[in-house]
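The residues making up each chain are set out below.
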Amino acid sequence: KAMDLIPRAKLMTVGAASRETISEALKKVKDRILVSMDNCQNQVVLCGNEADMKEAYDFLTAKGAICSYMEFDRGYHTPAYEPVCDEFRKVNHLLNVHAPAVPVYSCMTADQYPSDPNGIRRIMVDQWANPVRFRAMIEKMYEDGVRIFVETGARGNLTHFVDDILQNRPHLAVASNDFRRTGTSGVNHLAAQLAV
């Protein structure tokens, strides 16, 4: 099984820490920890082995960062995931892929997907072994003129990330599903925000 080829790893969210402090933590463990997700100014996800992550956790929390281990135990969005990508590559040519009819952005490249089906397939596979660059993708979308961001999903976390990234710049970020509202109330709130 491909999953058996992926080394175990710890994932940890880090919030309320400057990029300099995070870089300092990575240097302390000789860059054996990787940034697997750059979500926004106030959150990155680090990935590494248990001992190095413990050292980084202790260092970062002593500096005032808010750190929390995630329940995943594999190196998602790091080169450790490459064995699974190799398995995906064996079958992804079977996917019926077409150029997008509207702009679609990749959080791996932080740019629009190419129109070439093979280029799209390549990104679909490679994203598993490369960091999520959500912050850079939102910045690129904003640079390209996007001002309205609608999240469909279970919690609304990405909506908060967008607000953190764009801060006081004109934009609307709204979630269709917000854990603070019922389903109907959430959809009504979304429709009202979009109408305004």
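Up top is the structure these notes are about.
On a predicted model such as this, the values are computed, not experimentally measured, just so you know. (Residues numbered from 1 in each chain as written. Predicted model: local features only at pLDDT ≥ 70, side-chain atom pairs only at ≥ 80, totals over all residues. Heavy atoms only, no water.)

(A) Inspection of the overall build of the chain at higher detail. Helix and strand counts for the chain stand at seven helices and eight strands. Principal-axis analysis of the C-alpha atoms places the extent of the chain at approximately 50 × 45 × 30 Å. Long-range contacts, defined as pairs at least 24 residues apart, comprise 65% of the intrachain contacts of the chain with a sequence gap of at least 6. Accessible surface, the chain as shown: approximately 11200 Å² in total, 55% of it carbon and sulfur. The positive charge centre, built from 23 side chains, and the negative charge centre, built from 24, are 1 Å apart in the chain. (Helix = DSSP H or I, 4+ residues; strand = E, 2+ residues; numbered from the N terminus. Contact = heavy atoms within 4.5 Å. Areas by Shrake-Rupley, 256 points an atom, 1.4 Å probe, with all protein chains shown as cover. Lys, Arg positive; Asp, Glu negative; His and termini not counted. Charge placed at Lys NZ, Arg CZ, Asp CG, Glu CD.)

(B) Quick peek at unusual backbone geometry. Of note, Ala 16 is a non-glycine position whose phi angle comes to about 60 degrees, a positive value. With respect to the secondary-structure elements, Ala 16 resides in the loop between β1 (10-15) and α1 (19-28). Phi is positive for Ala 110, close to 60 degrees, though the residue is something other than glycine. Inspection of the secondary structure assignment puts Ala 110 in the loop between β5 (105-106) and β6 (111-112).

(C) Main features of the sheet that holds β1. Spatial ordering of the open sheet is given by β2-β3-β1-β4, a layout of four strands whose pairing is antiparallel. At either margin of the open sheet sits one strand with a lone partner, and together these are β2 (34-40) and β4 (66-69). For this sheet, the mean angle separating the axes of adjacent strands, direction not counted, is 20 degrees. Strand direction decides the pairing type here: β1 and β4, joined by four bridges, are antiparallel. Paired with Met 12 across the bridge in β4 is Tyr 69. The sheet contacts of α1 involve β1, β2 and β3 (43-48), and relative to β3 the element is tilted by about 5 degrees. (Pairing = 2+ DSSP bridges. Axes fitted to C-alpha atoms, helices over the stretch in contact; angles between N-to-C directions.)

(D) The pairing of strand β7 (residues 148-151), seen in detail. Going residue by residue along β7, you find Phe 149 and Glu 151 tucked away on one face and Ile 148 and Val 150 left uncovered on the opposite face. As for the winding sense of the linkage, the β-α-β connection from β7 through helix α6 (residues 157-166) to strand β8 (residues 172-175) is right-handed. (Buried < 20%, exposed > 50% of the residue type's maximum accessible area, 1.4 Å probe, protein only. Right-handed = clockwise from strand over helix to strand, strands pointing away.)

(E) Region of interest: the side chain of Thr 159. Within the fold, Thr 159 resides in helix α6. Those residues in contact with Thr 159 that lie beyond four places of it in its chain are Glu 151, Ala 173, Val 174 and Ala 175.

(F) Up close: the packing of helix α5 (residues 134-143) against α6. α6 packs onto α5 with a crossing angle of 65 degrees between their chain directions and a minimal axis gap of 10 Å. Classified by the angle their axes make, α5 and α6 are roughly perpendicular. Along this stretch, α5 crosses α6, giving a crossing that reads as right-handed. Contacts between α5 and α6 involve Phe 134, Arg 135, Ile 138, Glu 139 and Tyr 142 from the first element and Leu 158, Phe 161, Val 162, Ile 165 and Leu 166 from the second. Within the contact of α5 with α6, the residues separate by chemical class into eight nonpolar, no polar and two charged. (Parallel < 35°, antiparallel > 145°, perpendicular 65-115°, else oblique. Left-handed = near helix turned anticlockwise from the far one by under 90°. Nonpolar A, V, L, I, M, F, W, Y, C, P; charged D, E, K, R; others polar.)

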